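Architecture at a glance
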Amino acid sequence: MNIKEKSRLKKIVKSQKNNFPLEQCFYTDPMIYDLDIEIFFHNQWVFVGHIYRIPKKGDYFLFSIGNESIIIIRENNKKINCFYNVCRHRGSHICLEEEGKLRNLVCPYHAWVYNLDGQLKSARMMDKNFKPENWSLNKCNSKIFEGLIFINLSENPCDFTKFIEPIEPFIKFHGLSKAKIIARKSYPTKGNWKLILDNFHECYHCQPSHPEYCHVHSKDYIQAYGAGSNTGPESKLFKKQLEDWNKKVKKLGHLIGEYSEIKFSNFFRSAERTPFSNGKLSETKSGKPASILMGKFTEFDGGYTTIGPSPFNSIIMSNDFATIFTFIPKAPMETEIEIMWLVNEKATEGVDYAINDITWMWHETTLEDKRIVENNQKGVLSKKYIPGPLSKMELGLEKLKFWYLKHLELSLEK
Amino acid sequence: MNIKEKSRLKKIVKSQKNNFPLEQCFYTDPMIYDLDIEIFFHNQWVFVGHIYRIPKKGDYFLFSIGNESIIIIRENNKKINCFYNVCRHRGSHICLEEEGKLRNLVCPYHAWVYNLDGQLKSARMMDKNFKPENWSLNKCNSKIFEGLIFINLSENPCDFTKFIEPIEPFIKFHGLSKAKIIARKSYPTKGNWKLILDNFHECYHCQPSHPEYCHVHSKDYIQAYGAGSNTGPESKLFKKQLEDWNKKVKKLGHLIGEYSEIKFSNFFRSAERTPFSNGKLSETKSGKPASILMGKFTEFDGGYTTIGPSPFNSIIMSNDFATIFTFIPKAPMETEIEIMWLVNEKATEGVDYAINDITWMWHETTLEDKRIVENNQKGVLSKKYIPGPLSKMELGLEKLKFWYLKHLELSLEK
Amino acid sequence: MNIKEKSRLKKIVKSQKNNFPLEQCFYTDPMIYDLDIEIFFHNQWVFVGHIYRIPKKGDYFLFSIGNESIIIIRENNKKINCFYNVCRHRGSHICLEEEGKLRNLVCPYHAWVYNLDGQLKSARMMDKNFKPENWSLNKCNSKIFEGLIFINLSENPCDFTKFIEPIEPFIKFHGLSKAKIIARKSYPTKGNWKLILDNFHECYHCQPSHPEYCHVHSKDYIQAYGAGSNTGPESKLFKKQLEDWNKKVKKLGHLIGEYSEIKFSNFFRSAERTPFSNGKLSETKSGKPASILMGKFTEFDGGYTTIGPSPFNSIIMSNDFATIFTFIPKAPMETEIEIMWLVNEKATEGVDYAINDITWMWHETTLEDKRIVENNQKGVLSKKYIPGPLSKMELGLEKLKFWYLKHLELSLEK
């Protein structure tokens, strides 16, 4: 981006109005998209999978974002490594299958062989001055936390401990390190990643668009907390429910409370525990438990945990299962939504849980969101798209937009 | 477009030679294409449908051009409205189906409700300062004339009355307001819109390429009038036929004569009435009538009416049916040709007409033109494409080119 | 390309390191791709077919490269002409089928008729000043040599005689002018043309990737000569085999020796004759002859001829059949590999040869190379692709890269 383009963009960033969504270019312009990837996606710790997928030495799976393919592979029972899927010789992809099991990482082109720690083990016919130790696979920053695999594509990743700190207790309580994946689904969506997040960060659309979600969650919860704590106008009824529930749950020794960012930083995190209404115990059609308890839960407490580690992930958990979202930008107007569902590793299918009960709500809801975002993108492309005023139930979107613009502005000033 | 590009294009415009087609860039360059849409398509009144498609309150259909989707909807038995299909809130498409019937226009995203006149009727959870009257749907200029629905995407559309005036009697005589649509077909064509129009504005190719057209129309007509009055060398035989026919038809009280532009303006219109040869009465394989008479015709007069309201439409009418073309640019090298066929609304299928008799000639001919244009586009992409000399039967194309270049030049000088 | 871009590219060209492959931009950048086509492809004599495809007057086939379509047509029993497939009138493609037989070249649009020598024979309805002799089809430079049809898309093609001279004896000995095509196959590959050539110019990958090739050829041949003479470390064993074989073959009166470029020029040619190992007589699974002898061979001599007329072709010949490759760039990351297999025109299928025996090795090997290159391209797109050190068996690739960079540098200085 040259100086002229930079100064033009700075002006546009400054001209965005409070309480209105972003202008067209933020959802369509390929140059802004490239910046987004660099400034946002590459600077976040992003959850891409769970250790359950690769339990044994040599097990691996691939994660793709844009032109990057990342190999996530188990070195031994203590260690998982992440590498860029690029041979150090002439650049071929090394792993060609989405997942598998390997003894070594062998490039299919010229058979350079790497150990599971990324070190070059052998390369035939090289010059005598060739030093294999200089040609290890490029590592991608990664961190395993409670069984969750996070990666960070930055050259100077921010500190993981600092990143995870405020949301740590919320994740830990659910015992995700003792979980297993029971389903994974992918929803390729023809919309800019920010349209997907705009959608995810407000629950104003839930009533007209999400019958399943509205079946499970109460109107008052949706109004005040549907897109996170205080993302809509206060509901006295729900406030009362929350206070009562907090007291009850505290007695059980379960976790309560919430977290949201106070100061502006590279992070955009949130977490909270809230009650279901109407005696529901889990985010299912019947409201009944869908599996056995996870983590430190001693009994079903009628509550629900929502965690946003970054804009690119969302973790939503009942007492007995977890739904984890990854939002992966693919092109200026293409994004992939990936969902993983996890239950207690000790649960048995058919006995303790049925997959469809667990995936039902977010599968249906995400199909609806995919359609919504695609129609939104079409309209945003019109010369007549002009951002309109936001409702009182779109505070989450406004907060996200504020963070996005501030972050972008600072980056443009560098 | 920056100043440098503008001045480069001005030079190219000036360097186009008389009696030769345009140079490559006019048929391939995305920048020129974008200009074309803005300068030409957005400044014309374009026919997009007939009231017959939406007889009852709430009936609508969509018309798409580029990134724009237009809702054409009946408000009541007197009024039809055209709106940009973009919600004023966050920009979603409102109507998702190609056609349908609605009570109100309800955005599927957050359920903002608009009346059929475009006014915002309700929006939940808005701030107390929110004024719904400021957030009506964006209207698209439209005009109903003789049952034909015209739209104009300009912010300052030229006067419709002035536009329609010279071609008004030609359209009115045919009674299109009392017509019904019996077929609609679409021909997506991989060619620049100007290649499609070049093709439509000359009949030099009719003999080698259009057996059906040559079956219906005489060689002498094709030569002199195939692409409109005097678009080829005079034919003494046809001149005589026309004079004789004019006398005969005048006596019947039917319309005669022709219109073409004399002075340069924003408009590029034409109209004429001409006779079939060989006693044919309608533009059909047999030459026999294909349906009952329309409009003010008192008997079959053996004639034919051709009207070009703008470069983007053509209306071709026998005494008993009308064929209406819309040419819709889609991308630098993609255009959609849409055809609608209409008959007297009192005619009954199977009794008064058979659809295939009526669609036969222009359906076959348009399939041929689609193929022709696609092969023309391929060749025009070659570095060896150099415009060649036009024949004496390509005066219509030359006229169109002159208008196009002059219009473009004036726009570049603004 | 403006001055700034040119100077940027010059710097990049200079910064490429010896004994490392090219940097990312050379394999991905559309601007460099366009330059490549202009500087490299358009300046080479490229083999595109054999006279066997068009034995009779009026027989033709088409060859496509980028936006260009070339008609290769037989004028009479002595002459073949090559024309750009673009009508001189309005630019339509003239020939629409991949191959066929014509009396004249008639444009399907307006029926301009050209003789088989390209001269405009008739055009209806032209102005009296129109001179048909000025509107012949645009010729494409072409040359028939030993039955092989070469074209050159340059406006100032380099001298064919000078071009063919050093490789002439190698081609002539095989009697290709008395050959027939028995199979043609196309391998569309999602990779930059230079990745395809990198692959073709080294045999370091043969052992891990090409079981069929390694079945036919010996380890020592592959090491030293797999990608042409001395493209890998010397093998004493193979050197001895070659010397012994040269003596033996000389006695038979067959051709021996090799050619490679010494001085830098527009040309990048090579040729050599080498022995099979293990008593093999032909490049087949069994090693047994696959057809009857060709050209001047008096008996099977156990040898093999490899000729690289330009980067865009390779001719590989046993005593009894020839395999000819054409590498056709299609887009920055798309290339088509075309292979033709030829045998003695006197051979009879089912009696003297079986097609599958002959196509087996290079068909399987090319499918493998297609996969290899596509995975290489994917990795090269990563931000972590950094050229790595080349092995001692990649000297052919290094030589090609040197020639490419030098050629590009000189062109940028013009």
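The numbers attached to residues start from 1 for each chain and follow its sequence in the written order. Written order decides the labels, with chains lettered from A and ligands numbered from 1. The predicted nature of this model means local features are confined to residues of pLDDT at least 70 and side-chain atom pairs, given and counted, to a pLDDT of 80 or more, with totals for whole chains, interfaces and linings taken over all residues. Heavy atoms from the whole structure form the basis of all side-chain values; hydrogens and water molecules are not counted.

Moving on, we come to the overall build of chain A. The helix count covers DSSP runs of H or I at least four residues long, the strand count covers runs of E at least two residues long, and both are numbered beginning at the N terminus. Counting its secondary structure elements, chain A contains 12 helices and 17 strands. Put simply, the radius of gyration uses C-alpha atoms, and a globule should come to 2.2 Å times the residue count raised to 0.38. Relative to the globule expectation of 22 Å for 414 residues, the C-alpha radius of gyration of chain A, 22 Å, shows essentially globular dimensions. Seen along its three principal axes, the alpha-carbon backbone of chain A occupies a region of about 75 × 60 × 35 Å. Only protein chains enter the accessibility calculation, which uses a 1.4 Å probe; a residue is then buried when its area is under 20% of its type maximum, exposed when over 50%, and partly exposed in between. The buried share of chain A, taken over its 414 residues, is 60%. We call two residues in contact when some of their heavy atoms are within 4.5 Å. Restricting to contacts in chain A with at least 6 residues of sequence separation, those with at least 24 account for 66%. As displayed, chain A has an accessible area near 17,100 Å², and 51% of this comes from carbon and sulfur atoms. Per-residue and other accessible areas were derived by the Shrake-Rupley procedure at a 1.4 Å probe size, with only the shown protein chains allowed to occlude residues.

This part covers the environment of Ile71(A). All names here are of chain A. In this fold, Ile71 is placed in strand E3 (residues 68-76). Of the residues examined, Ile71 reaches a relative accessible area of 0% and is grouped as buried. Residues Ile71 and Ser7, spaced 64 residues apart in sequence, show a C-alpha to C-alpha distance of 38 Å. Setting aside residues no more than four positions away along its own chain, Ile71 makes contact with Tyr60, Phe61, Leu62, Asn81, Cys82, Phe83, Tyr84, Asn85, Cys95 and Leu105.

All right, on to the interface of chain B and chain C then. Facing 34 residues of chain B, the contacting portion of chain C comprises 27 residues. Buried surface area refers to the total accessible area, computed with a probe of radius 1.4 Å, that the two partners give up upon joining, counted for both partners together. Roughly 2,600 Å² is buried in total at the junction of chain B and chain C, and carbon and sulfur atoms are behind 54% of that figure. When the buried surface of chain B facing chain C is broken down by residue, Tyr204(B), Lys383(B) and Lys384(B) rank first, second and third, together holding 26% of it. Residues Glu155(C) and Lys383(B) are paired through a salt bridge, measuring 3.9 Å at the closest nitrogen-oxygen approach. In protein, a polar contact means a hydrogen-donor-capable atom and an acceptor-capable atom, both N or O and within 3.5 Å, with residues adjacent in sequence counting only if both atoms are side-chain atoms; elsewhere, any N or O pair within 3.5 Å suffices. At the boundary of chain B and chain C, one finds 18 residue pairs in polar contact (both at pLDDT 80 or more). Looking at the side of chain B that touches chain C element by element, the count peaks at 7 residues for helix H11 (residues 355-380) of chain B. One speaks of a salt bridge when a side-chain nitrogen belonging to Lys or Arg is within 4 Å of a carboxyl oxygen belonging to Asp or Glu.

The subject of this paragraph is the relation of the copies chain B and chain C. Mapping chain B onto chain C calls for a rotation angle of 120° and an axial translation of 0.1 Å; the resulting RMSD is 0.0 Å. Taken together, the rotation and translation describe the operation of a three-fold axis. Superposing the copies works by least squares over the C-alpha atoms of residues that have pLDDT at least 70 in both of them.

The predictor reports its confidence for every residue as pLDDT, a score running from 0 up to 100. Summing up the model confidence of chain A, the mean pLDDT is 97 and the portion of residues at 70 or higher is 100%. The complex prediction reports pTM at 0.94, with the ipTM value standing at 0.95.

Here Asp198(B) is to be found in helix H6 (residues 193-200). In terms of polar contacts, Asp198(B) uses its side chain to reach the side chain of Tyr27(B), at 2.6 Å. Contact partners of Asp198(B), with chain neighbours within four places excluded, come to Tyr27(B), Leu397(B), Leu400(B) and Arg90(C).

What follows covers the pattern of salt bridges. Scanning all chains against the criterion turns up 48 salt bridges over all chains. Between Arg184(B) and Glu99(B) there is a salt bridge; the shortest N-O distance is 3.9 Å. Taken together, the positions of Arg184(B) in strand E11 (residues 179-189) and Glu99(B) in strand E5 (residues 99-101) put the pair 85 residues apart, joining distant regions of the chain. In this structure Glu99(B) comes out as partly exposed when scored by relative accessible area, which is 44%. Salt bridges sharing common partners tie together Arg53(A), Glu99(A) and Arg184(A).

Once that is clear, we can look at the nonpolar core. Among the nonpolar cores identified, the biggest contains 306 residues, and Phe26(A), Ile72(A), Phe26(B), Ile72(B), Phe26(C) and Ile72(C) are the most heavily contacted of them. If sequence neighbours within four positions are ignored, Ile72(C) has contacts with Val48(C), Ile54(C), Asp59(C), Tyr60(C), Phe61(C), Phe63(C), Ile80(C), Asn81(C), Cys82(C) and Ile149(C). In plain words, nonpolar cores are sets of buried Ala, Val, Leu, Ile, Met, Phe, Trp, Tyr and Cys residues tied together by side-chain atoms within 4.5 Å.

All names here are of chain A. In this analysis, the expected span of each helix is defined as 1.5 Å times one less than the number of residues it contains. The terminal C-alpha atoms of helix H1 (residues 3-15), which comprises 13 residues, lie 19 Å apart, in line with the 18 Å expected from a rise of 1.5 Å per residue. Considered for burial, the residues of H1 that qualify are Leu9, Ile12 and Val13. Along the long axis of H1, the arc covered by the buried residues comes to 100°, so they all point the same way. For H1, the exposed residues set more than 90 degrees away from the buried face come down to Ile3, Lys4, Lys11 and Lys14. Against the buried residues of H1 lie helix H2 (25-28), helix H3 (30-39) and helix H12 (395-413). Capping the start of H1 is the job of one residue whose side-chain oxygen sits 3.2 Å from the backbone nitrogen of Lys4: Asn2. Arc, as used here, means the arc of the directions from the helix axis to the C-beta atoms.

On to the interface of chain A and chain C. Facing the 27 residues of chain A at the interface are 34 residues of chain C. Of the roughly 2,600 Å² buried where chain A meets chain C, counting both sides, 54% is carbon and sulfur surface. For chain A, the biggest contributors to the area lost against chain C are Arg90(A), Tyr109(A) and Met125(A); these three give 30% of the whole. Linking chain A with chain C are 4 salt bridges, by the criterion used here. One salt bridge in this structure joins Arg90(A) and Glu202(C), with 2.8 Å as the shortest N-O distance. On inspection of chain A and its partner chain C, the count reaches 18 residue pairs in polar contact (both at pLDDT 80 or more). Residue classes in the side of chain A that touches chain C are distributed as 13 nonpolar, 8 polar and 6 charged. When residues are sorted by character, Ala, Val, Leu, Ile, Met, Phe, Trp, Tyr, Cys and Pro go into the nonpolar class, Asp, Glu, Lys and Arg into the charged class, and all the rest, Gly among them, into the polar class.

Moving on: the sheet that holds strand E4 (residues 79-84) of chain A. Residue and element names in this part refer to chain A. Reading across from one edge, E4-E3-E2-E5 is the order of the 4 strands in this open sheet, with antiparallel pairing throughout. In this open sheet, the two edge strands, each paired with only one partner strand, are E4 and strand E5 (99-101). Strand-to-strand, the axes of this sheet are offset by a mean angle of 25°, without reference to chain direction. Whether two strands pair depends on DSSP finding at least two bridges between them. Note that E3 and E4 share 6 bridges and pair antiparallel. Within the sheet, the bridge partner assigned to Arg74 lies in E4 and is Ile80. Fitting a line to C-alpha atoms yields each axis, with helices limited to the stretch in contact; the angle taken between N-to-C directions then spans 0 to 180 degrees.

Right, let's talk about the sheet that holds strand E5 (residues 99-101) of chain C for a bit. Note on sheets: strands pair through backbone hydrogen bonds, and any given pair is parallel or antiparallel. All names here are of chain C. Pairing within the open sheet is antiparallel, and its 4 strands lie in the order E4-E3-E2-E5. Sheet topology places strand E4 (79-84) and E5 at the edges, where each strand pairs with a single neighbour. Neighbouring strand axes in the sheet, compared pairwise and without regard to direction, differ in orientation by 25° on average.

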